[in-house]
Amino acid sequence: MFDSDLGTNEGSVVRRRAFLVTSASALAAAILWSLRRPSLVQAKTAKGASEEVTIVEFSDSGERLKTAHVRKVVKTEDEWRKQLSRGVFAITRQADTELAYSGEYWNLHEKGLYRCVCCDNALFTSDTKFDSGTGWPSYWAPIAPENVRTMRDASFGMARKAVSCTECDAHLGHVFDDGPEPTGLRYCMNSASLRFVEVQVATESSKPSASLGDAPSRRKGG
Ligand SMILES: [Zn+2]
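If you're wondering where the values come from, they're calculated on a predicted model, not measured in any experiment.

J.: Could you clarify how one ought to interpret the environment of arginine 71 in this entry?
T.: Tracing the sequence through the fold places arginine 71 in strand β2 (residues 64-71). Spatially, the C-alpha atoms of arginine 71 and glutamate 51 are 5.9 Å apart, while their sequence positions differ by 20 residues. If we ignore the near neighbours within four places in the chain, the residues touching arginine 71 are Ser50, Glu51 and Glu52. A polar atom in the side chain of arginine 71 sits 2.4 Å from the backbone oxygen of serine 50.

Written out as structure tokens, the structure is:
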């Protein structure tokens, strides 16, 4: 009787120890994980009621269409993972940052529109893009203030303002107050959060109908 009681107690002590060790390592892993990920987007992957937001819609040629009230794009983490590549997921949904000079758009000077890679919301235009020398695409203003949101970001011990897409909460980058006139702002973005749409200057329909081999008689004045 004593023996069996002792045996049980010993067993439970061993089990408790094992449990404590397991929970301690799980806790350590959780702490490491939370340190790695900036806190600002931790709650963003949870599915909630779709809130209505106000954005300004733009055509691919950069023409301002209308102010629209749209349902916020809310997807589960799994859905985002299916839609996005691993790197784009880490940046847009987990607030990671691409390496400087590694992205597609830091040195792009073409005329066009930059949309959200997650939801297609229009975010920036080449009209406000400037060479910041940072290795990230930089703009002195968003295409419309309604289309992006800024919030305090204290991750990595820095006081910064994170910029996200109003329509889907994608993390885009940060905004700093050392930009050029007229705003003095520098929207320092990740190329991976953006999808560039080049503005087509000349279209097929604007060309005169001419047979092959005819040299164009006039060029459009500029
Ligand atoms: Zn978006």
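J.: Is there a simple way to explain the coordination of the zinc ion in this structure?
T.: For a metal with four tetrahedral donors the ideal donor-metal-donor angle is 109.5 degrees, whereas six octahedral donors ideally subtend 90 or 180 degrees. Taken together, Cys116 (SG), Cys119 (SG), Cys165 (SG) and Cys168 (SG) make up the protein donors of the zinc ion, found 2.3 Å from the metal. One way to put it: the four donor atoms around the zinc ion meet at angles of 101 to 114°, and that makes the site tetrahedral. Taken in chain order, the donor set of the zinc ion reads C-x2-C-x45-C-x2-C. Residue cysteine 119 is found in the loop between β3 (112-116) and β4 (122-125), and its partner cysteine 165 is found in strand β8 (residues 160-165); the two are separated by 46 residues along the sequence. Comparing cysteine 119 with cysteine 165, the two get one shared label, buried.

J.: Just checking my understanding: could you explain the environment of leucine 172 for this structure?
T.: Assignment of secondary structure puts leucine 172 in strand β9 (residues 171-176). Linking leucine 172 and methionine 189, residues 17 residues apart in sequence, is a C-alpha distance of 5.6 Å. Beyond its immediate sequence surroundings of up to four residues, leucine 172 is in contact with Leu123, Val148, Val163, Ser164, Cys165, Cys188, Met189, Asn190 and Ser193.

J.: What exactly am I supposed to notice about unusual backbone geometry here?
T.: Note: most residues except glycine have negative phi, and most peptide bonds are trans. The amide bond that connects glutamate 181 to the next residue, proline 182, takes the cis arrangement and shows omega of 10°. Turning to its location among the elements, proline 182 is positioned in the loop between β9 and β10 (186-189). The residue tyrosine 101 is not glycine, and still its phi comes out positive at about 65°. On the secondary structure map, tyrosine 101 appears in the loop between α3 (86-94) and β3.

J.: Hey, could you run me through the sheet that holds β4 in this one?
T.: Sheet strands line up and pair through hydrogen bonds in the backbone, either parallel or antiparallel. Judged by pairing direction, the sheet is antiparallel, and its three strands sit side by side in the order β4-β3-β11 without closing on themselves. Taken across any chain shown, the strands that pair with only one partner, and hence form the sheet edges, are β4 and β11 (194-198). In this sheet, neighbouring strand axes are inclined to one another by 30° on average, regardless of whether the strands run parallel or antiparallel. As judged from the five bridges shared by β3 and β11, these two strands associate in the antiparallel manner.

J.: Just to check I follow, could you spell out the packing of aromatic side chains for this structure?
T.: Aromatic rings considered in pairs are described by the distance between their centres and by the relative angle of their planes. In total, this model carries seven aromatic pairs according to the counting rule given. Taken together, a centroid distance of 4.8 Å and an interplanar angle of 50° make the contact between tyrosine 114 and phenylalanine 196 tilted. Note that tyrosine 114 is positioned in strand β3 and phenylalanine 196 in strand β11, a separation of 82 residues in sequence. Assessed through its relative accessible area of 0%, tyrosine 114 is described here as buried. Phenylalanine 196 sits in the buried class, given a relative accessible area of 16%. An aromatic cluster of at least three residues, connected via ring pairs, comprises Tyr105, Tyr114, Phe124, Tyr139, Tyr187 and Phe196. A cation over an aromatic ring shows up here: lysine 75 above the ring of tryptophan 80, its NZ or CZ 4.9 Å from the ring centre. Stacked on the ring of tryptophan 80, the Lys or Arg arginine 93 has its end atom at 3.9 Å from the ring centre.

J.: Explain the pairing of β4 to me, please; I cannot follow it from the model alone.
T.: Note on strand geometry: in a regular strand, side chains alternate between the two faces of the sheet. In this structure, β3 lies alongside β4, joined through three bridges in antiparallel fashion. Note on β4: the bridge partner recorded for arginine 115 is alanine 122. The antiparallel pairing of β3 with β4 creates a hairpin that spans five residues between the two strands, and aspartate 120 there sits at a positive phi of about 75°.

J.: Teacher, can you tell me more about the pattern of salt bridges here?
T.: It is possible for side chains bearing opposite charge to pair when their charged atoms get close. Summed over all chains, the structure comprises ten salt bridges. The salt bridge involving arginine 149 is made with glutamate 51; its shortest N-O contact spans 3.8 Å. One end of the pair, arginine 149, is in strand β7 (residues 148-153); the other, glutamate 51, is in the loop between α1 (2-36) and β1 (52-58), and 98 residues separate them in sequence. Taking the shortest distance from any N to any O, the salt bridge between aspartate 127 and lysine 111 comes out at 3.3 Å. Taken together, the positions of aspartate 127 in the loop between β4 and β5 (129-130) and lysine 111 in the loop between α3 and β3 put the pair 16 residues apart, joining distant regions of the chain. The exposure class assigned to aspartate 127 is exposed, which follows from its relative accessible area of 52%. The exposure class of lysine 111 is partly exposed, given its relative accessible area of 49%.

Analysis parameters
- Residues numbered from 1 in each chain as written.
- Predicted model: local features only at pLDDT ≥ 70, side-chain atom pairs only at ≥ 80, totals over all residues.
- Heavy atoms only, no water.
- Helix = DSSP H or I, 4+ residues; strand = E, 2+ residues; numbered from the N terminus.
- Contact = heavy atoms within 4.5 Å.
- Polar contact = N/O pair within 3.5 Å; in protein donor to acceptor, adjacent residues only side chain to side chain.
- Donors = N, O, S within 2.8 Å, 3.2 Å for Na, K, Ca; no water.
- Tetrahedral: all angles 85-135°; square planar, octahedral: opposite > 155°, others 65-115°.
- Buried < 20%, exposed > 50% of the residue type's maximum accessible area, 1.4 Å probe, protein only.
- Pairing = 2+ DSSP bridges.
- Axes fitted to C-alpha atoms, helices over the stretch in contact; angles between N-to-C directions.
- Phe/Tyr/Trp six-rings, centres within 6.5 Å; stacked < 30°, edge-to-face > 60°.
- Lys NZ or Arg CZ within 6 Å of the ring centre and 35° of its normal.
- Salt bridge = Lys/Arg side-chain N within 4 Å of Asp/Glu carboxyl O.

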